[in-house]
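Geometric and topological summary
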Amino acid sequence: MSASPCPSCDYRNPLGAKFCSSCGKGLSPAADHHTEVIDPTLSTELAGPVDLPPGLGMLIVRQGAKRGSRMALDTEKVAIGRHPKSDIFLDDITVSRRHAEIRITPQGHEVSDAGSLNGTYVNRERVDHALLKDGDELQVGKFKLVYVALGDETEDDG
């Protein structure tokens, strides 16, 4: 068997995948608490507790097909794109197959555009790369995602 079905939407995901490429739901009992659908009208402060190690981040989909989903940034590098093997799979023509990456750096989470056609935006400004701060809006194609810093990441005064 080369794929495992998502318990939430039945999408066939590659074996070993932590999250469903279609709906973002965690695929194993250990990872199940990393992604869940929430009320997208809530502010990031009210998004609810997430049981993740300190220093990690999360994206909340504010606009797009997965509206309300939360996705943990729980690895050193997270690939975002329309390619089915992307860590965060955003299935829309406005998203490049390999659109952007988010990496953990000593300063926090940094997003980098991967040469996408439509660009990657942080707080409505097109960026090649940018350090994400709690509450920043990341736009990939028509998807708008809010970055939430979790744990003990440092905060800037602006």
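Residues numbered from 1 in each chain as written. Predicted model: local features only at pLDDT ≥ 70, side-chain atom pairs only at ≥ 80, totals over all residues. Heavy atoms only, no water.

**Quick notes on the confidence of the model for the chain**
As a reminder of what qualifies: Each residue carries a pLDDT value, the predictor's own confidence for that position, ranging from 0 to 100. Any two residues having at least one pair of non-hydrogen atoms within 4.5 Å are treated as being in contact.
When pLDDT is averaged along the chain, the result is 77; 64% of the residues meet or exceed 70. Contacts of residues 152-158 to residues separated by more than four positions or lying in other chains number ten contacts, the stretch itself having pLDDT below 50.

**Concerning the sheet that holds strand S5 (residues 77-81)**
In plain terms, the rule: Strand pairing is assigned whenever DSSP identifies at least 2 bridges connecting the two strands. What counts as a helix is a DSSP run of H or I of at least four residues, what counts as a strand is a run of E of at least two, and both are numbered from the N terminus.
Ordered by their spatial adjacency, five strands build an open sheet running S6-S5-S7-S8-S11, and the pairing between neighbours is mixed. Edge positions in the sheet fall to strand S6 (88-89) and strand S11 (129-131), since each of these pairs with one other strand and no more. Looking at chain direction, S5 and S6 are connected through two bridges and run parallel. Its bridge partner lying in S6, isoleucine 80 is registered against isoleucine 88.

**Thoughts on the environment of valine 61**
Position of valine 61 relative to the elements: it lies in strand S3 (residues 57-63). The sequence separation of valine 61 and tyrosine 147 amounts to 86 residues, and the corresponding C-alpha distance is 9.1 Å.

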